[in-house]
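# Results of the structural survey
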Amino acid sequence: MNFTLRVWRQQYSTAPGKFVTYQVKEVTPDMSFLEMLDALNEDLLSQGEPPVAFEHDCREGICGSCGFLINGVAHGGRRGTTTCQLSMRFFKDRDMLTLEPWRAQAFPVIRDLMVNRSAFDRIIQAGGFISAPTGSAPAANSILIPKEAADTAFDAAACIGCGACVAACPNSAAMLFASAKIRHLNSLPQGQPQPDQRTLGMVVAMMNEHFGSCTNHGECEAVCPKEIPLEFIGKMNRDLIQAIFGRRREPLNIPSVVQQPSHEDAVVESAKS
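Here the structure is a predicted model, which means the values were calculated and not measured. Residue indices begin from 1 for each chain and proceed along its sequence in written order. Note on the predicted model: pLDDT of at least 70 is required for a residue's local features to be given, and 80 or more for side-chain atom pairs to be given and counted; whole-chain, interface and lining totals, by contrast, use all residues. Values shown for side chains rest on all heavy atoms present in the structure; no hydrogens or waters enter the calculation.

### Some details on the sheet that holds strand E2 (residues 18-24)
- The strand order across the open sheet formed by 5 strands is E2-E1-E5-E3-E4, and the pairing between neighbours is mixed. Each end of this open sheet is capped by a strand with a single partner; those strands are E2 and strand E4 (73-74).
- Two elements, strand E1 (residues 3-9) and E2, share 7 bridges in a ladder whose sense is antiparallel. When the sheet's bridge partners are listed, Phe3 is paired in E2 with Val24. Paired strands are those between which DSSP finds at least two bridges. Put simply, DSSP marks the helices as runs of H or I at least four residues long and the strands as runs of E at least two long, and each gets a number from the N terminus on.

Shown next, in the form of C-alpha cells:
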C-alpha cells in the first residue's frame, strides 16, 4: 500500500507552520498508523531531514497521548479507537491523508503533531481527588457501593484525557472531559465529602484555561475513543447548580492552580439565568 501524507510541520508554538507532502510506500495492511509514521520518519532520517514529531507511549489505547487529526477527524474517525490502535487496513491504497494537531487555544502546539495538554492537568488538580483519613488501607469490601454507582464511576473513569473532545468541538469545549472526571468521583461514596467543592473548582479551572462553552453539538461523544456518554455533561450541570445554590462548600485554595473569582462569578450568574 502507498499513501500520500500532508503533514503539519511546525518547529515550535510561535513559529509559522505549513503542510508538507510526503510519499509513504510499501505499507502493510497490518501496520498501525503510528508504525506507518515510524516508517516515514526512518525515511526522513535517512535523507537527513528532521522526523515528524508526534506523541505516544502505550500504543494500546490507554495513555491518551497519541491523538491528532486525520483528514479533519480526531483519531481517524473509527468509533472507540485511538490513533495508536488505528490500522492501515482501514484506508485504501493511494489515499491522501492529512495529519494535523489538535486545534484549540488551550492546546498550544509544541511541535508538528504534538500539543501541550497541561490544561487538563490543572483541571484535575482543582478537584480530581478525595479527602480520606490516613492510615492503613481499608479492606476492599469495607465501603458498600451500589452497582449502578460503581458502573457509572467505571464508565467515567475510562476517560484517558486525550483531548479529542476539545479538538472535535466547534467551541473547543472541555465539558466532556471535565464531566467525566467529576462524575467519576461524585458517583462514589468516597467522593461525597466534597462534591460541591470538586464541581465548582474544576469548572472554574476549566474556564480559566479558556476552553469554550458547550452548545450540545455532540461532536465530542462521536470522536471519544472511550465512548464517554454525553449525558455526563448534563449530570455535571446538575451538580454545578446544586453546588452553587447549596453553598455547602469551603473555598478551594490550591497554590498550583490559578483561580479567578470573576470566572466563578460568571459561572454563578450563568446558572441563575
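### Considerations on the packing of aromatic side chains
- Two rings from Phe, Tyr or Trp (for Trp, the six-membered ring) form a pair when their centres are within 6.5 Å of each other. A pair whose planes differ by under 30 degrees is stacked, one over 60 is edge-to-face, and the rest are tilted. The full count for this structure, using the stated rule, is 7 aromatic pairs.
- Taking 5.2 Å as the distance between ring centres and 80° as the angle between the ring planes, the aromatic pair formed by Phe107 and Phe120 counts as edge-to-face. Of this pair, Phe107 sits in the loop between strand E5 (96-100) and strand E6 (109-111) while Phe120 sits in helix H2 (residues 118-125), placing them 13 residues apart in sequence. Across the pair, exposure class does not vary: Phe107 and Phe120 are buried alike.
- Here the aromatic rings of Phe107 and Phe211 are separated by 5.8 Å at their centres, their planes lie at 80°, and the arrangement is edge-to-face. Taken together, the residues Phe107 in the loop between E5 and E6 and Phe211 in the loop between helix H6 (195-208) and helix H7 (219-223) connect sequence positions 104 residues apart. Here Phe107 matches Phe211 in class, with each residue buried.
- Taken together through their ring pairs, the aromatic side chains of Phe107, Phe120, Phe177 and Phe211 make up a single cluster.
- One residue, Arg78, lies across the ring of Phe90, its end atom 3.7 Å from the ring centre.
- As a reminder, the over-ring test applies to NZ of lysine and CZ of arginine, requiring each to be within 6 Å of the ring centre and within 35 degrees of the ring normal. We note Arg103 situated over the ring of Trp8; from NZ or CZ to the ring centre the distance is 4.4 Å. Categorising residues by exposure relies on relative accessible area from a 1.4 Å probe, with only protein chains included: less than 20% of the type maximum marks a residue as buried, more than 50% marks it as exposed, and the intermediate range marks it as partly exposed.

### A closer look at the packing of H2 against H6
- H6 packs onto H2 with a crossing angle of 155° between their chain directions and a minimal axis gap of 8 Å. With respect to each other, H2 and H6 are oriented roughly antiparallel. The way H2 lies across H6 gives a crossing that is right-handed. On the side of H2, the interface is formed by Arg122, Ile123 and Ile124, while H6 contributes Met202, Ala205 and Met206.
- Residues are sorted three ways: Asp, Glu, Lys and Arg are charged, Ala, Val, Leu, Ile, Met, Phe, Trp, Tyr, Cys and Pro are nonpolar, and all the rest, Gly among them, are polar. Taken together, the residues of the contact of H2 with H6 break down into 5 nonpolar, no polar and 1 charged. Interaxial angle, 0 to 180 degrees, is taken between N-to-C directions of lines fitted to C-alpha atoms, where a helix line uses only the stretch in contact. Convention used here: angles under 35 degrees read as roughly parallel, angles over 145 as roughly antiparallel, angles from 65 to 115 as roughly perpendicular, and any remaining angle as oblique. Take the far helix as the reference: if the near one is turned anticlockwise from it by less than a right angle, the crossing is left-handed, and if turned clockwise, right-handed. Contact criterion: two residues are considered in contact whenever any of their non-hydrogen atoms come within 4.5 Å of each other.

### Some words on the nonpolar core
- The criterion is simple. A nonpolar core is a set of buried Ala, Val, Leu, Ile, Met, Phe, Trp, Tyr and Cys residues joined through side-chain atoms within 4.5 Å. By size, the foremost hydrophobic cluster in this structure holds 45 residues, and its most contacted members are Trp102, Phe107, Phe120, Ile123, Val166, Met206 and Phe211.
- When contributions to this core are tallied by element, the ones reaching two or more residues are H2, helix H4 (164-168), helix H5 (175-186), H6, H7 and helix H8 (231-246).
- Sequence-distant contacts of Trp102, that is, excluding residues within four places in its chain, are made with Gly67, Phe68, Leu69, Ala74, His75, Phe107, Val115, Arg117, Cys162, Gly163, Ala164 and Ala167.
- Among the nonpolar cores identified, the runner-up in size contains 25 residues, and Val7, Tyr22, Cys84 and Leu113 belong to it.

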